[in-house]
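Breakdown of the fold
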Amino acid sequence: MSFDFDLFVIGGGSGGVRAARVAAEAGARVGLAEESRMGGTCVIRGCVPKKLMVFASSYPAAVAEARAYGWSARLGGFDWLAFRAKLHGELDRLEGIYRGNLLKAGVAIYDARAVLEDAHRVRLDSGESVSAKHILVATGARPFVPEFPGHELALTSNDMFDLEALPKRLLVVGGGYIACEFAGIMNGLGVEVTQFYRGAQILRGFDDEARGHVAEAMRARGIDIHCGTEVLAMERDGAGVRVACTGGNDRSFDAVLYATGRVPNSAGLGLEALGVGLGRNGEVKVDAYSQTAVPSIYAVGDVTDRINLTPVAIREGHAFADTVFNGRPTTADHELVASAVFTQPELGSVGLTEEQAREREPIEVYSAAFRPMQSLFAGQNEKVMMKLIVAQASRKVLGCHIVAPAAGEMIQLAAIAIKMGATKEDFDRTVAVHPTMAEELVTLRSPVRKA
Ligand code: NDP
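Residues numbered from 1 in each chain as written. Predicted model: local features only at pLDDT ≥ 70, side-chain atom pairs only at ≥ 80, totals over all residues. Heavy atoms only, no water.

1. Observations concerning the overall build of the protein chain
Just so we agree on the cut-off: Where helices and strands are cited, they refer to DSSP runs of H or I of at least four residues and of E of at least two residues respectively, numbered from the N terminus. The globule rule used for comparison is 2.2 Å times the number of residues to the exponent 0.38, while the radius of gyration itself is calculated over C-alpha atoms. Burial classes follow relative accessibility: with a 1.4 Å probe on protein chains only, a residue under 20% of its type's maximum area counts as buried, one over 50% as exposed, and anything between as partly exposed. Contacts are residue-level and defined by heavy atoms, with any inter-residue pair within 4.5 Å sufficient. Accessible surface is estimated by sampling points in the Shrake-Rupley manner with a 1.4 Å probe; for residues, cover comes only from the protein chains shown. Here the positive residues are Lys and Arg and the negative ones are Asp and Glu; neither His nor the chain ends is included. Note that the charge is assigned to NZ on lysines, CZ on arginines, CG on aspartates and CD on glutamates.
Counting its regular elements, the protein chain contains 13 helices and 22 strands. Relative to the 2.2 N^0.38 estimate, which gives 22 Å for 451 residues, the radius of gyration of the protein chain is 24 Å and therefore close to what a compact globule would have. Once the C-alpha set of the protein chain is aligned to its principal axes, its extents read approximately 70 × 60 × 45 Å. Burial statistics for the protein chain: of 451 residues in total, 50% are counted as buried. Long-range contacts, defined here as pairs at least 24 residues apart, represent 62% of the contacts in the protein chain between residues at least 6 apart. Put simply, the protein chain shows about 20700 Å² of open surface, and 51% of that area lies on carbon and sulfur atoms. In the protein chain, which carries 48 positive and 54 negative side-chain charges, the distance between the mean positions of the two groups comes to 3 Å.

Set out below in structure tokens:
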């Protein structure tokens, strides 16, 4: 049977684009449909614009610090609209690069929404219908806002890059990556930020000590975090939003950002009718090779809800293309994936938390909190935290958690050692780079506790 394509990819985000390029470079005839903008969440409404906003928000603290170092620096105003225009210019540039790379690899691009007609056929909303030997679903995820009276007044992370003006008072709901990152960004940009989280401590799933450390630093920087607080209802209040919440502390805000998780984009694609299994949250069920229950259909990235990070989606897309088009059956490795939360200061982590490790085997915990040289000199009290979780029996470092400026950069390097199976003694025999914050990782002498 002959097909129009060897591979048709639905979704032009991190996972889909990598798979399309690798397959095309291997000689496959590849088509790709994207209903929105090329680059997906990471490039258009996630990691990239978020990180640029983190940079933008960091200057007031830098100017304050510069003054403490003897500069007569003064902070002027922040021109959100000028920044926003430049930000979108950069996203346009990156989108162009993504598109150009796909075309260079010989991928046929369809700027259209695609749905599956059968196991080998895709229908585009432009009216076309194309066949393919293999179909890859890489449609990502979208923000989830729970249903409650007034939920339609909530902004999501998608909206944050297009605001017409910065709000004066912002409520952020949620305690995960996105909520904490935007709370920090907006606080840095001079917005009065309140954060409601339903649980006892923000950043559930991360190391407890690290979570406490980040929360303390966020509060010290001026974010008003309320744990154990849920929104009951919202209603319009002039140009703002009146929020009723548990605890009775009802207040009005200029804007409310909901960052309460994301859901896979699997609905309306025709997947279930074909026998592709979906999980409870709509995630496409796949095996270790990213293959669904229908042999010609694969899925990678956030739509499969495994580890929802761009570099993981890229690995999954690459492994899929190697398996199917390069004759090298490859599974994406989901072990010891490091990540960083771009709060201020950042939280970088890899491996097991103290709480997880304790459940598995006897451990030693090495942890230090200290005021780093640069901000100490400027008279600030903020502490950084470096923590290693070590297996008592094998001496392997099972986890590393860093709360510090540039923790994302540090954890990337620590992750290499930990992925290689480094022991505590390997860390110890590595000579320190002085004076740095990260040298603490190789000079942690005695455990603070054993468990
Ligand atoms: P997360 O799952 O990290 O956090 C969701 C938050 O919303 C949690 O605090 C959760 O509370 C809360 N929540 C969920 N449902 C409700 C509800 N009905 N009412 C009130 N609160 C609720 O999701 P995010 O949206 O922050 O991010 C999605 C994913 O994107 C992340 O998990 C991560 O994989 C990825 N990401 C990675 C980034 C990075 O690498 N720097 C940056 C941004 C996103 P509870 O803890 O109680 O469940």
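Having seen it, we continue.
2. Some details on the packing of helix H3 (residues 47-57) against helix H6 (residues 177-188)
Relative orientation and spacing of two packed helices are given, respectively, by the angle between their axes and the distance between those axes. Quick reminder of the rule: Each axis is a line fitted through C-alpha atoms, and for a helix only the stretch in contact is used; angles between axes span 0 to 180 degrees, taken between their N-to-C directions. If you view the pair so one helix is near and one far, a crossing is left-handed when the near helix is turned anticlockwise from the far one by less than a right angle, and right-handed when it is turned clockwise. The nonpolar class holds Ala, Val, Leu, Ile, Met, Phe, Trp, Tyr, Cys and Pro. Asp, Glu, Lys and Arg form the charged class, and all remaining residues, Gly among them, are polar.
Where H3 contacts H6, the two axes come as close as 8 Å, and the packing angle between them is 35 degrees. As for the relative orientation of H3 and H6, their crossing is left-handed in sense. Seen from H3, the contacting residues are Lys50, Met53, Val54 and Ser57; seen from H6, they are Glu181, Phe182, Gly184, Ile185, Met186 and Gly188. Among the residues making up the contact of H3 with H6, the classes are represented as 5 nonpolar, 3 polar and 2 charged.

3. Remarks on the pattern of salt bridges
To keep things clear, this is the line we draw: We define a salt bridge as a side-chain nitrogen of Lys or Arg found within 4 Å of a carboxyl oxygen belonging to Asp or Glu.
In the structure shown here, the tally under the stated rule is 27 salt bridges. Note that Arg449 and Glu354 form a salt bridge whose closest N and O atoms lie 2.8 Å from each other. Residue Arg449 is located in strand E22 (residues 449-450), and its partner Glu354 is located in helix H10 (residues 354-360); the two are separated by 95 residues in the primary sequence. Using a relative accessible area of 34% as the deciding quantity, one classes Arg449 as partly exposed. In this structure, Lys424 and Asp428 form a salt bridge, with 2.6 Å as the shortest nitrogen-oxygen distance. With Lys424 and Asp428 both in helix H13 (residues 424-428) and 4 residues apart, the pair spans about one turn of that helix. Classification of Lys424 as buried rests on a relative accessible area of 0%. Several salt bridges converge on common partners, so that one network encompasses Asp207, Glu209, Glu354, Arg358, Lys387 and Arg449.

4. Looking at the environment of Ile109
Structurally, Ile109 can be placed in strand E3 (residues 108-110). Residues Ile109 and Val390, spaced 281 residues apart in sequence, show a C-alpha to C-alpha distance of 49 Å. Contacts of Ile109, omitting those with residues within four sequence positions, involve Leu32, Met38, Arg99, Leu102 and Leu103.

5. Some details on the nonpolar core
To keep things clear, this is the line we draw: Nonpolar cores are built from buried Ala, Val, Leu, Ile, Met, Phe, Trp, Tyr and Cys residues. Side-chain atoms within 4.5 Å join them into one set.
Grouped together as the largest cluster of nonpolar side chains are 39 residues, with contacts concentrated most on Met53, Leu170, Met186, Ile202, Leu203, Met218 and Leu347. Those elements that provide at least two residues to this core are H3, helix H5 (80-104), strand E8 (169-173), H6, strand E9 (192-197), helix H7 (208-220), strand E14 (255-258) and strand E17 (339-341). It is H6 that contributes the most residues to this core, 6 residues altogether. Each residue touching Ile202, except ones within four places of it in the same chain, is listed here: Gly175, Cys180, Gln195, Tyr197, Arg211, Ala215, Met218, Ile225 and Cys227.

6. Considering the site of the ligand
Operational definition: Here a residue counts as near a molecule or strand whenever at least one of its heavy atoms sits within 4 Å of it. In protein, a polar contact requires one atom able to donate a hydrogen and another able to accept it; more generally it is a pair of N or O atoms within 3.5 Å, and residues adjacent in sequence count only if both atoms are side-chain atoms.
Around the ligand, 19 residues are found, and the nearest of them are Gly175, Ile178, Tyr197, Arg204 and Ala340. Note that an oxygen atom of the ligand is positioned 2.9 Å from one of the side-chain N or O atoms of Arg198. Here a nitrogen atom of the ligand sits 2.7 Å away from a polar atom, N or O, in the main chain of Ala340. Here the ligand has 910 Å² of accessible area as a free molecule, and 76% of this is covered by the chains. With 3 residues, the single largest contributor to the shell around the ligand is H6.

7. Here's the deal with H3
Where we set the bar: What the arc measures is the spread of directions leading from the helix axis to the C-beta atoms.
Of the residues making up H3, those classed as buried are Pro49, Lys50, Met53, Val54, Ala56 and Ser57. Around the axis of H3, the buried residues are gathered within 160 degrees of arc, so they sit on the same side.

8. With respect to the pairing of strand E18 (residues 346-351)
Our working definition: Strands pair, by our definition, only if DSSP identifies at least two bridges between them.
Within E18, 5 of the 6 residues are buried, which leaves the element mostly enclosed by the surrounding structure. By the bridge criterion, 3 bridges tie E17 to E18 in an arrangement that is antiparallel. Note that in E18 the partner of Ala340 across the bridge is Gly348. Once E17 ends, the chain turns through 4 residues before running back antiparallel as E18.

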